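Each chain, letter by letter, is given below.
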Amino acid sequence: SDILVEVNELRKYYSIGNGRQVKSVDDISFSIRKGETLGLVGESGSGKSTLGRTIVGLYPPTSGSVSFAGTDLATARGRQKREINRQMQLIFQDPQSSLNPRLRVGEIIAEGIEAHGLAKGREKAERVHQLLEKVGLHPDHAKRYPHEFSGGQRQRIGIARALAVQPSFIVADEPISALDVSIQAQVVNLLADLQAESQLTYLFIAHDLAMVKYISDRIGVMYLGRMMELAESDDLFAKPLHPYTQVLLSTMPVSHPKHRAERERIVIGEPPSPINPPTGCPFQTRCPQAMGICKQIAPTWREVEAKHWVACFLYE
Ligand code: SF4
Ligand code: MG
């Protein structure tokens, strides 16, 4: 099978007291092919990070399942579970807070190598040096501490740490959002190069479409814990079906003047609180095309065209 990750009716709910819940991830199903980059976009609070962390097994799901290379994470035990933990790695948005400030960079990168028994002694040190070079740093940097580096360099260290255990799947949770614009393209290019070199599969999380456009084969759009649309990147940009995706696209800067007149910016209000989401379709309070039924029941997730999934009554 060419499917690496399969997410099936996944839910992650948080109790917030008084019997109330936040549905951070609500009934999401999709799969990720080997070697592809799936971009995941949505406003803050849409559940992107929670989905990414639940997929790599950092959070247990409330219900539903995640399979990795055909194995259900919930049933994996012992050696198999450790192996899956090695294969799935996470790159964080803020390398500042995800790198232990008391450890030298070499120790940070070596941690996973040791934990998984991949190398020791001289071989381990050599691997650390190779990893530093691979991400565009110098082997001597192994002796320094995280605070001695810039934000972009710290993200490179975070990437080296993830790569150290030779994963096949990486969830990159807004890996460039905290970086200067001038550095963002460098880090994205590095991730793309590493993918080509090591046949990596990525789930690349970002808050806007412009950031994932360049790197993603397919893009998923989340809103209030639900997946609204998922399609090949080109299809999504050429023919966005979901009204929310259309809004996101309308707010993107247009690079070509020819398209400027064709695309009118659609303005909608503030998102509802995830603590008190709307009934029916989660987007109904802001949707320019909402109908009566949208307030009553939620639309189902369906493949309305080849490889183009959407949850919206306009297509039922
Ligand atoms: Fe808009 Fe209704 Fe579609 Fe939701 S289901 S996006 S409210 S048209
Ligand atoms: Mg987040």
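Basis of the calculations
Residues numbered from 1 in each chain as written. Chains lettered and ligands numbered in written order. Predicted model: local features only at pLDDT ≥ 70, side-chain atom pairs only at ≥ 80, totals over all residues. Core = buried A, V, L, I, M, F, W, Y, C linked by C-beta atoms within 7 Å. Buried ≥ 20, exposed ≤ 12 C-beta atoms within 10 Å, placed from the backbone. Contact = placed C-beta atoms within 7 Å. Pairing = 2+ DSSP bridges. Helix = DSSP H or I, 4+ residues; strand = E, 2+ residues; numbered from the N terminus. Axes fitted to C-alpha atoms, helices over the stretch in contact; angles between N-to-C directions. UniProt positions renumbered as here; feature names shortened; annotations may be inferred. Parallel < 35°, antiparallel > 145°, perpendicular 65-115°, else oblique. Left-handed = near helix turned anticlockwise from the far one by under 90°. Nonpolar A, V, L, I, M, F, W, Y, C, P; charged D, E, K, R; others polar. Expected span 1.5 Å × (residues − 1). Arc of directions from axis to C-beta.

Caption draft 1: Quick look at the nonpolar core. If you look at the biggest cluster of nonpolar residues, it comprises 78 residues, and the most contacted ones within it are Ala160, Leu203 and Phe204. Filtering out sequence-adjacent residues up to four positions away, Leu203 remains in contact with Ile32, Leu38, Leu40, Gly52, Ile55 and Val171.

Caption draft 2: View of the pairing of strand S1 (residues 3–15). Note that S1 and strand S2 (residues 21–33) share nine bridges and pair antiparallel. Considered in S2, the bridge of Ser15 is made with Gln21. As defined by bridge partners, S1 adjoins strand S4 (residues 63–68) across five bridges and the pair is classed as antiparallel. Each residue of the ladder has a partner; that of Val5, found in S4, is Phe68.

Caption draft 3: Examining the sheet that holds strand S12 (residues 308–310) more closely. Taken together, eight strands build an open sheet; the order of strands is S6-S7-S8-S3-S9-S10-S12-S11 and the sheet is mixed. The open sheet is flanked by strand S6 (88–91) and strand S11 (302–305), the only strands paired with a single partner. Direction aside, neighbouring strands of the sheet carry axes that sit 20 degrees apart on average. Sheet analysis places strand S3 (residues 37–41) next to strand S8 (residues 201–206), joined by five bridges and oriented parallel. Paired with Thr37 across the strands is Tyr202, a residue of S8. Contacts from helix H6 (residues 151–163) reach S6 and strand S7 (169–173), with the element oriented near 175 degrees to S6.

Caption draft 4: Geometry of the UniProt feature "domain: ABC transporter" (unreviewed entry) in the protein chain. The UniProt record marks residues 5–249 with the feature "domain: ABC transporter" (unreviewed entry), using the residue numbering of this structure. Structurally, residues 5–249 is divided into 39% helix and 27% strand, and its ends, taken at the C-alpha atoms, are 27 Å apart.

Caption draft 5: Summary view of the sheet that holds strand S5 (residues 71–72). Taken together, the four strands give an open sheet; going across it, the order is S2-S1-S4-S5, and neighbouring strands pair in antiparallel fashion. The open sheet terminates on both sides in strands that have one partner only, identified here as S2 and S5.

Caption draft 6: Local environment of helix H10 (residues 243–250). Every buried residue belonging to H10 is among Pro243, Tyr244, Thr245 and Leu248, and all of these are buried. Considering only its buried residues, H10 is in contact with S3, helix H8 (209–213), strand S9 (218–223), strand S10 (226–232) and helix H9 (233–238).

Caption draft 7: View of unusual backbone geometry. A positive phi angle is found at Ala69, which is not glycine, with a value near 45 degrees. Considering the arrangement of structural elements, one finds Ala69 in the loop between S4 and S5. In this model, Lys307 sits at a positive phi of 60 degrees, which is unusual for a non-glycine residue. Mapped onto the fold, Lys307 is located in the loop between S11 and S12.

Caption draft 8: The arrangement of the environment of Arg302 in detail. Secondary-structure assignment places Arg302 in strand S11. Given 12 C-beta atoms within 10 Å, Arg302 falls into the exposed group. Note: C-alpha distance between Arg302 and Glu316 (14 residues apart in sequence) is 8.6 Å.

Caption draft 9: Expanded view of the packing of H6 against helix H7 (residues 181–198). Where H6 meets H7, the closest approach of the two axes is 10 Å, and the angle between their N-to-C directions is 15 degrees. It follows that H6 is roughly parallel to H7 by the angle criterion. Crossing handedness for the pair H6 and H7: right-handed. On H7, the residues that touch Gly151, Gly152, Gln155, Arg156, Ile159 and Leu163 of H6 are Ile183, Gln186, Val187, Leu190 and Leu194. In terms of residue class, the contact of H6 with H7 is made up of six nonpolar, four polar and one charged.

Caption draft 10: Representation of helix H5 (residues 121–134) within the structure. Between its first and last C-alpha, H5 extends 20 Å over 14 residues, near the 20 Å set by a 1.5 Å rise per residue. For H5, the complete set of buried residues consists of Val128, Leu131 and Leu132. For H5, the arc enclosing every buried residue in end-on projection is 100 degrees, short of the 170-degree limit, so these residues lie on one face. Every exposed residue of H5 that faces more than 90 degrees away from the buried side is listed here: Arg122, Glu123 and Glu126. The elements touched by buried residues of H5 are helix H4 (105–115) and H6. With its phi angle positive at about 85 degrees, Gly136 sits one or two positions after the end of H5.

Caption draft 11: Region of interest: the packing of H4 against H6. Relative orientation of the contacting elements H4 and H6 amounts to 30 degrees, with a least axis distance of 7 Å. Here H4 is positioned roughly parallel relative to H6, judged by the angle of their axes. Residues Val105, Ile108, Ile109 and Gly112 of H4 form the contact with H6, whose own contacting residues are Ile157, Ala160 and Arg161. A breakdown of the residues in the contact of H4 with H6 according to their chemical character gives five nonpolar, one polar and one charged.

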